[in-house]
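Architecture and fold: a report
The residues making up each chain are set out below.
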Amino acid sequence: FIWASPTIIGGRIYLGWASQCDNPLVRSGIDSFDQHTGTLLKTFWTGSPGTTGAGVWSTAATDGRSIWITTGNGTAAHSFGMIKLNAGNLRFQTEWLNPLDGDLDWGSSPTLFQARINNVKTTMVGANGKDGIFHAFDANNLQNGPLWSFQVGTTADFDIGTCLAAPAWDSSSRRLFVAGNLTTINAQTFAGSVRAFNPADGSIIWERGLTAGPIMGSPTLNGAGVLAAGTYNITDLALNTVYLLNATNGTILT
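Criteria and thresholds
- Residues numbered from 1 in each chain as written.
- Predicted model: local features only at pLDDT ≥ 70, side-chain atom pairs only at ≥ 80, totals over all residues.
- Heavy atoms only, no water.
- Pairing = 2+ DSSP bridges.
- Helix = DSSP H or I, 4+ residues; strand = E, 2+ residues; numbered from the N terminus.
- Axes fitted to C-alpha atoms, helices over the stretch in contact; angles between N-to-C directions.
- 1 Å grid on protein atoms, 1.4 Å probe; cavity = no way out; pocket = protein on both sides within 12 Å on 5 of 7 lines; lining within 4 Å.
- Points joined across faces, edges and corners; volume = space filled by probe spheres on them.
- Nonpolar A, V, L, I, M, F, W, Y, C, P; charged D, E, K, R; others polar.
- Phe/Tyr/Trp six-rings, centres within 6.5 Å; stacked < 30°, edge-to-face > 60°.
- Buried < 20%, exposed > 50% of the residue type's maximum accessible area, 1.4 Å probe, protein only.
- Salt bridge = Lys/Arg side-chain N within 4 Å of Asp/Glu carboxyl O.

1. Some details on the sheet that holds strand β10 (residues 120-128)
Here 4 strands make up an open sheet; going across it, the order is β9-β10-β11-β12 and the pairing antiparallel. Each edge of the open sheet is held by one strand with a lone partner, namely β9 (111-117) and β12 (148-151). Neighbour-to-neighbour, the strand axes of the sheet open up by a mean angle of 25 degrees, direction not taken into account. Here β10 pairs with strand β11 (residues 133-138) via 5 bridges, running antiparallel. Note that in β11 the partner of Val125 across the bridge is Phe137.

2. Points about the layout of surface pockets
Its volume calculated, the largest pocket comes out at about 230 Å³. Cys21, Asp22, Trp57, Asp105 and Lys130 are the residues nearest the centre of the largest pocket, which is lined by 15 residues in total. Of the residues that constitute the lining of the largest pocket, the class distribution is 5 nonpolar, 6 polar and 4 charged. Within the lining of the second largest pocket, the residues separate by chemical class into 7 nonpolar, 7 polar and no charged.

3. What about empty space enclosed by the protein?
Left-over empty space is what a probe sized like a water molecule reveals as it rolls over the atoms. Enumeration according to the criterion identifies 1 cavity of 30 Å³ or more in this entry. Within this model, the largest cavity holds a volume of roughly 40 Å³. Along its surface, the largest cavity is lined by Trp3, Ala4, Ser5, Tyr14, Leu15, Gly16, Ile30, Val56, Ser58, Thr59 and Ala60. Taken together, the residues of the lining of the largest cavity sort by class into 7 nonpolar, 4 polar and no charged.

4. Some words on the packing of aromatic side chains
Per the counting criterion, the structure on display carries 11 aromatic pairs. The interplanar angle of 65 degrees and the centroid separation of 5.8 Å between the aromatic rings of Trp3 and Trp57 together place this pair among those described as edge-to-face. Residue Trp3 is found in the segment before β1 (7-9), and its partner Trp57 is found in the loop between β4 (40-45) and β5 (61-62); the two are separated by 54 residues along the sequence. Accessibility expressed as a relative area gives 36% for Trp3, which makes it partly exposed. Here Phe177 and Trp206 contribute two aromatic rings whose centre-to-centre distance is 6.0 Å and whose plane-to-plane angle is 40 degrees, an arrangement assigned as tilted. Of the two residues, Phe177 sits in strand β14 (residues 175-180) while Trp206 sits in strand β18 (residues 204-210), which places them 29 residues apart along the sequence.

5. Description of the sheet that holds strand β20 (residues 226-230)
The sheet built from 3 strands is open, its strands ordered β19-β20-β21 with antiparallel pairing. Single-partner strands in this sheet number two, and they are β19 (220-221) and β21 (242-246).

6. Side note on the pattern of salt bridges
If the charged atoms of two oppositely charged side chains come close together, the side chains can form a pair. Per the stated rule, a full pass over the model turns up 4 salt bridges. Asp63 is the partner of Arg65 in a salt bridge, and the nearest nitrogen-oxygen pair spans 3.1 Å. For Asp63, a relative accessible area of 29% puts it in the partly exposed group. With a shortest N-O distance of 3.2 Å, Lys130 and Asp103 are connected by a salt bridge. Of the two residues, Lys130 sits in the loop between β10 and β11 while Asp103 sits in the loop between β8 (92-97) and β9, which places them 27 residues apart along the sequence. Residue Asp103 is classed as partly exposed on the basis of its relative accessible area, which comes to 41%. Salt bridges sharing partners connect three or more residues here, namely Asp103, Asp105 and Lys130.

Written out as structure tokens, the structure reads:
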């Protein structure tokens, strides 16, 4: 089943596939196609023949030279992974596997951003997981594990939604915006939230709790500094709301 949007760069289309809600759990991977002819160029399988899972059900991130993907649960070798591949031939380069079990896979698309780490400009990559944790990595050294992590939400549950939103990066203000599901802010419980982080260390610049429901889709940012985030309240669809936030301080505009 194709869950996510393709990534298109340099005349190539990158598209992953995964199980349809684990029914059945299938062998998965990501393909690259010629943009002009549709010819299949390369395939990266996330598991060997006979294994299942490690579905790529999010959109790949790329800088034109490398591709970053997140993977789902299963018995495959690259399950629960943040993985870096060569963009030209989809050869494996490096990865970090989240030591999880069950259905707590990565559902968020990875996002590239920039930070200064030990006074060195560093390309970072980060994504949310179904465990409610956002992990941020040195994009070229995934094997070293996250440079910082933050519990933006909670473990997936039907009633409270899932932490699936990809982060939004604002290179002008150098802020990383991450949304999630059920969370606690200043001792108050909220169905969803949006937070602005310092990209280098994960320190909070501002955080805004939202009452209408979890933010399961990725927030977007326009040139006027307005963040848009829509809720997906599974138990009461009438509550669903699109919030417009001031990206500078998190104030709800409307």
